[in-house]
Amino acid sequence: MKDFIKINPADNVAVAIRPLPKGMIITVDGVDITLGSDIPAGHKFALIEIPEGKNIIKYGFPIGHARHNIQQGDFLDHNDIKTNLAGTLDYSGIAIDNASPDSPGTSGKGKEVSFMGYERPDGQVGIRNEIWVIPTVGCVNGIVKQIVDQVVAETGAEGVDGIFGFPHNFGCSQLGGDHENTKKILRDMVSHPNAGGVLVVGLGCENNQPKDFEKFCGDYDHSRVKFMVCQEVEGDEVEYGVQLLRELYENARNFKRSEQPASKLRIGLKCGGSDGFSGITANPLLGEFSDWLCNVQGGTTVLTEVPEMFGAETILMQRCASNELLGETISLINNFKEYFLSHGEPVGENPSPGNKAGGISTLEEKALGCTQKSGKSPVFGVLEYGERIKNHGLNLLSAPGNDLVAATALAAAGCQLVLFTTGRGTPFGTFVPTIKVSTNSGLAQRKPKWIDFNAGTLVEDASMQEVLNNFISYVINVASGEKVNSEKSGIHEIAIFKNGVTL
């Protein structure tokens, strides 16, 4: 195991792999450097003298500039580095690398892989056969819980992968974009292939009118999806809901797993509670996986967290498969910056206290690590919030960095599961299986009921190919039915993006 890593030859900082003591002499590129202070694991130290105002280089790109003169061997954190980010930018000089990239799945490198999934009548493939109860408005959350609890008590959910309700506090007192966001996310859940049955429960007087919402859902499978409006039910609405859910349960039990090509997989890419190892271990692993799924298998991955692209967005722009997609990506970035600025907030104040404690000092540093989850594949799609996947290959999705909101948006876009890297740890799971990938082995050891896969071995002399092969096998097993830790803990949550006023 190495003591440190210099990620890119152009870098003027290195990252400690383990805690390094003050006074330790290390050799980098043939130069002996004496550490001026203790360097915690995951944190940076200077390889050369860096004058005040000069850029700090990591991953081969600037991650900000020095707030003061920095000596060779000095420890650097957020107190020493200031972001270079400001407002919106003119990206007119950006040119895409390849105007005619290969289509997904045409690399010809590697054998075709399959998983055991549930094929739905509309051709979609799910990796779970669950029954979902979705409220159109928060007012009926209690009714939803009673319905779910009663049917679970009766059936034990035998023959399906679970019966779950998804409470939220929206669907009424919303206007404009917020109202549309709620409708889109709930509609996307109704049509999601991981659900073998869906009961939509409305109140009747909400802004998200149940009858209008039913029309908004389009042409749906009436044997798989049912609607009820509590105010229109004569008598006990819970009893009526239980009757409908029993019917959905009996129908869902008829679905069986069958062999499906990996090209049918749609997988979300997310990180949260990132640390100094995120861009060295777990995020590059997801990048390698994304390239394998998109380029070799013809599958689909989706990258989101737009604010955490700031500072690395030009890398993604240059990989767009067409000039049209380049324009959409530029709008994706600048529209989100305008969202920040419209609320009087700076675009560069992103790293959380946990990020900083873990070794991330600026948003550029976070973004350069975050975007590695997308690998090197071309961008074949750009999605608005609440929009569903249309193109195979790598897609970019408009959503904030908030873990629950972004993971929900990925699932709503059609992803059957979410890959979630973390250096600090988190127990949550969205409404599809959420695989937690630790950036360091210490976290995996401390939180075995949170972490599903440890990428920390990548700095412990394990090869990327070895870890990638193990990871591919694990993801295929999860797609075929193996439960992740959040599922085992009964954690299934949604969160909807809110921007406007509440009436």
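Residues numbered from 1 in each chain as written. Predicted model: local features only at pLDDT ≥ 70, side-chain atom pairs only at ≥ 80, totals over all residues. Heavy atoms only, no water.

A. Quick peek at the overall build of the protein chain. Check the secondary structure of the protein chain and you find 13 helices and 23 strands. Expected size for 503 residues packed as a compact globule is a radius of gyration near 23 Å; at 24 Å, the protein chain falls within 12% of this value. Here the protein chain, with 503 residues, has 57% of them falling under the buried criterion. Across the protein chain, contacts joining residues at least 24 apart in sequence account for 72% of those joining residues at least 6 apart. (Helix = DSSP H or I, 4+ residues; strand = E, 2+ residues; numbered from the N terminus. Rg over C-alpha atoms; globule rule 2.2 N^0.38 Å. Buried < 20%, exposed > 50% of the residue type's maximum accessible area, 1.4 Å probe, protein only. Contact = heavy atoms within 4.5 Å.)

B. Highlighting a nonpolar patch on the surface. Taken together, the side chains of Leu175, Val501 and Leu503 make up a nonpolar region of the molecular surface, amounting to roughly 310 Å² of accessible area. Topologically, Val501 is positioned in the segment after helix H13 (485–488). With a relative accessible area of 54%, Val501 lands in the exposed category. (Patch = residues over 30% accessible without salt bridge, like charges linked within 9 Å, V, L, I, M, F, W, Y side chains within 5 Å. Areas by Shrake-Rupley, 256 points an atom, 1.4 Å probe, with all protein chains shown as cover. Salt bridge = Lys/Arg side-chain N within 4 Å of Asp/Glu carboxyl O.)

C. Just the packing of aromatic side chains, in detail. Within this structure, the stated rule accounts for 18 aromatic pairs. Note on Phe166 and Phe431: the rings are 6.1 Å apart at their centroids and 75° apart in plane angle, and the pair reads as edge-to-face. With Phe166 in the loop between strand E13 (163–165) and helix H2 (176–190) and Phe431 in the loop between strand E21 (417–422) and strand E22 (434–438), this residue pair connects regions lying 265 residues apart in the sequence. Each member of the pair, Phe166 as well as Phe431, carries the same accessibility label: buried. With 5.4 Å between their ring centres and 55° between their planes, Tyr220 and Phe227 make a pair best called tilted. We note that Tyr220, like Phe227, is buried. Site record: aromatic cluster; members linked through ring pairs are Phe310, Phe336, Tyr339, Phe340, Tyr385 and Phe497. Directly above the ring of Phe310 sits Lys337, whose terminal nitrogen or CZ lies 5.3 Å from the centroid. Over the face of the ring belonging to Phe420 we find Lys436, whose NZ or CZ atom lies 5.9 Å from the ring centre. (Phe/Tyr/Trp six-rings, centres within 6.5 Å; stacked < 30°, edge-to-face > 60°. Lys NZ or Arg CZ within 6 Å of the ring centre and 35° of its normal.)

D. Layout of the pattern of salt bridges. Within the structure shown, the criterion is met by 19 salt bridges. When the shortest N-O distance is used, the salt bridge between Lys6 and Asp29 registers 2.5 Å. On the criterion of sequence distance, the pair formed by Lys6 in the loop between strand E1 (4–5) and strand E2 (13–16) and Asp29 in the loop between strand E3 (25–28) and strand E4 (31–34) is long-range, its members being 23 residues apart. Between Glu487 and Arg128 there is a salt bridge; the shortest N-O distance is 2.9 Å. Note that Glu487 is positioned in helix H13 and Arg128 in the loop between strand E11 (125–126) and strand E12 (130–135), a separation of 359 residues in sequence. We classify Glu487 as buried; its relative accessible area is 10%.

E. The arrangement of the sheet that holds E21 in detail. One open sheet accounts for seven strands, arranged E19-E20-E18-E17-E21-E22-E23; its pairing is parallel. Strand pairing shows two members of the sheet lacking a second neighbour, strand E19 (379–383) and strand E23 (453–454), which therefore form its edges. Here four bridges tie E19 to strand E20 (residues 393–397), and the two strands are oriented parallel to one another. The partner of Leu383 across the bridge, within E20, is Leu397. Across the sheet, helix H10 (residues 403–412) lies against strand E17 (266–271), strand E18 (300–303), E20 and E21, angled at about 165° from E17, the strand it touches most. (Pairing = 2+ DSSP bridges. Axes fitted to C-alpha atoms, helices over the stretch in contact; angles between N-to-C directions.)

F. Up close: empty space enclosed by the protein. One pass over the full model with this rule turns up two cavities of 30 Å³ or more. As a volume, the largest cavity reaches approximately 60 Å³. Examining the composition of the lining of the largest cavity, we find that four residues originate from one element, helix H9 (residues 363–370), more than from any other. Across the lining of the largest cavity, the residue classes tally to three nonpolar, six polar and four charged. Forming the walls of the second largest cavity are Glu130, Gly429, Thr430, Phe431, Val432, Pro433, Thr434, Ser486, Glu487, Ile491 and His492. Taken together, the residues that form the lining of the second largest cavity break down as four nonpolar, five polar and two charged. (1 Å grid on protein atoms, 1.4 Å probe; cavity = no way out; pocket = protein on both sides within 12 Å on 5 of 7 lines; lining within 4 Å. Points joined across faces, edges and corners; volume = space filled by probe spheres on them. Nonpolar A, V, L, I, M, F, W, Y, C, P; charged D, E, K, R; others polar.)

G. Spotlight on the nonpolar core. In terms of nonpolar packing, the biggest core is built from 96 residues, with Phe289 and Leu419 touching the most fellow members. Element by element, the count of residues in this core is highest for helix H12 (residues 464–479), at nine residues. Dropping the residues within four chain positions of it, Leu419 is found in contact with Ile267, Gly268, Leu269, Lys270, Leu286, Phe289, Ile435, Phe471 and Val475. Counting residues in each nonpolar core, the second largest holds 25 residues, with Ile143, Val144, Leu203 and Cys230 among its members. (Core = buried A, V, L, I, M, F, W, Y, C linked by side-chain atoms within 4.5 Å.)

H. The layout of surface pockets, seen in detail. Estimated volume of the largest pocket: approximately 680 Å³. Around the largest pocket, the lining is made up of 30 residues, and of these Ile7, Tyr59, Gly279, Pro284 and Gln372 lie nearest the centre. Counting only elements with at least two residues in the lining of the largest pocket, the list comes to E1, helix H5 (282–296) and helix H6 (313–318). Per-element tally for the lining of the largest pocket: the top contributor is H5, with four residues.

I. Here's a closer look at the packing of H5 against H12. Taken N-terminus to C-terminus, the directions of H5 and H12 make an angle of 65°; their axes are 10 Å apart at the nearest point. As far as their axial angle goes, H12 and H5 are roughly perpendicular. As H5 runs across H12, the sense of the crossing is right-handed. Side by side, H5 and H12 meet where Pro284, Leu285, Leu286, Glu288, Phe289 and Trp292 of the first sit next to Met464, Val467, Leu468, Phe471, Ile472 and Val475 of the second. Across the contact of H5 with H12, the residue classes break down as eleven nonpolar, no polar and one charged. (Parallel < 35°, antiparallel > 145°, perpendicular 65-115°, else oblique. Left-handed = near helix turned anticlockwise from the far one by under 90°.)

J. Examining the packing of helix H1 (residues 141–155) against helix H4 (residues 237–252) more closely. The interhelical angle for the contact between H1 and H4, taken along N-to-C directions, is 50°, at an axis separation of 9 Å. As judged from the angle between their axes, H1 and H4 are oblique. Two packed elements cross with a definite hand, and for H1 against H4 that hand is right-handed. Residues Ile143, Gln146, Ile147, Val148, Gln150, Val151, Glu154 and Thr155 of H1 pack against Glu237, Val238, Gly241, Val242, Leu245, Arg246 and Tyr249 of H4.

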